Amino acid sequence: MLASRFTMNTAPALTAAPRYPHDLAGWVRYFRLVELPVLRRTAAQLEDLRDMEDAVDARMVADVISADPLLTLKLLAYTATLHRERRTTDVETAREAVVLIGITPFFKTFGPQPTIEDHLHGQAEARSGLTAVLRRARRAARFAMAFAAHRGDHDAPVIHEAALLHDFAEMLLWLHAPDLALEIQRRQRLDPTLRSHTVQRELLGVTLAEIQHALMVEWRLPELLIRITDDSHAEASQVRNVLLAMRIARHTAQGWENPAIPDDVADISRLLNMSVEPTLALLHDIER
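Residues numbered from 1 in each chain as written. Predicted model: local features only at pLDDT ≥ 70, side-chain atom pairs only at ≥ 80, totals over all residues. Heavy atoms only, no water.

Scanning all chains against the criterion turns up 10 aromatic pairs. Judged by centre distance (5.5 Å) and plane angle (85°), the rings of Tyr 78 and Phe 110 are edge-to-face. Of this pair, Tyr 78 sits in helix H5 (residues 69-79) while Phe 110 sits in the loop between helix H7 (103-109) and helix H8 (116-119), and the two are 32 residues apart along the sequence. Look at Phe 106 and Phe 110: their rings are 4.9 Å apart centre to centre, the planes differ by 20°, and that puts the pair in the stacked class. The exposure class of Phe 106 is buried, given its relative accessible area of 1%. Classification of Phe 110 as buried rests on a relative accessible area of 0%. Members of the aromatic cluster, joined through ring pairs, are Tyr 20, Trp 27, Tyr 30 and Phe 31. (Phe/Tyr/Trp six-rings, centres within 6.5 Å; stacked < 30°, edge-to-face > 60°. Helix = DSSP H or I, 4+ residues; strand = E, 2+ residues; numbered from the N terminus. Buried < 20%, exposed > 50% of the residue type's maximum accessible area, 1.4 Å probe, protein only.)

As structure tokens, then:
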């Protein structure tokens, strides 16, 4: 069963170790079977809800899930296996997924969750790297949701999830191939001009974006989510919404002094059809 399957010092320069794949098909097989742990806080919140199951509704459960990219991914992948032949539309959000499953079946299927903190116990650098990606994903999701709401986009919840999951393959790399994730980080720190896709292709044999797209298709995630997460269609307003949310989240991770931020703000102002100063004020309001 898919649900049970899912509930399972700087390194020196290296190339992909023999235990790792070095092509797209191999990485898809590798990540398809791995455990997806969740944040310890998320696991504790789910147990609190489990203890009061009779008083819990789908919104309460979905709010906990939607704050954790890896649990969101796990839930959507599991839901894609349910009643697919009888459904005419995709289940696109965590709340829709919980409604489809039902509260009691959800808690039976998703028992006490393994945690990121336990999985990466004793690997401080990997935990730090993964934490940075998770923090960026949550911030990007907030920006993306706010942009979509301002634009009056009816798919705002899916746009929120697309930003939340935009870098999930990088999260999987930190969890299940942390030495490779650290080497990618090390090389880019040594050479800030080194493009991500270049170093990823050298070390992994493929880019994380290619792995991620293939996994989304393999897990039958919602078509709209796959489309919005595909950066190759940046001309589409929903894709641009997510990309700009990711950019501003990345560039403001350490504050608002990054020299790339003025260009981000200008592009966001065009997306939202606002002038620059009100756009900057909106961005600061979203952060509060």
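Right, picking up where we left off after that structure.
As a packed pair, helix H16 (residues 237-251) and helix H17 (residues 261-272) sit with axes 10 Å apart at the nearest point and diverge in direction by 155°. By the angle class used here, H16 and H17 are roughly antiparallel. Handedness of the H16/H17 crossing: left-handed. Every residue of H17 that contacts H16 at Ser 237, Arg 240, Asn 241, Leu 244, Arg 247, Ile 248 and His 251 is listed here: Ile 261, Asp 263, Asp 264, Asp 267, Ile 268 and Leu 271. In the contact of H16 with H17, the residues fall into five nonpolar, three polar and five charged. (Axes fitted to C-alpha atoms, helices over the stretch in contact; angles between N-to-C directions. Parallel < 35°, antiparallel > 145°, perpendicular 65-115°, else oblique. Left-handed = near helix turned anticlockwise from the far one by under 90°. Contact = heavy atoms within 4.5 Å. Nonpolar A, V, L, I, M, F, W, Y, C, P; charged D, E, K, R; others polar.)

By secondary structure assignment, the location of His 176 is in helix H11 (residues 168-176). Residue His 176 is classed as buried on the basis of its relative accessible area, which comes to 14%. Setting aside anything within four residues of it in sequence, one finds His 176 in contact with Tyr 20, Tyr 30, Phe 31, Val 34, Glu 35 and His 119.

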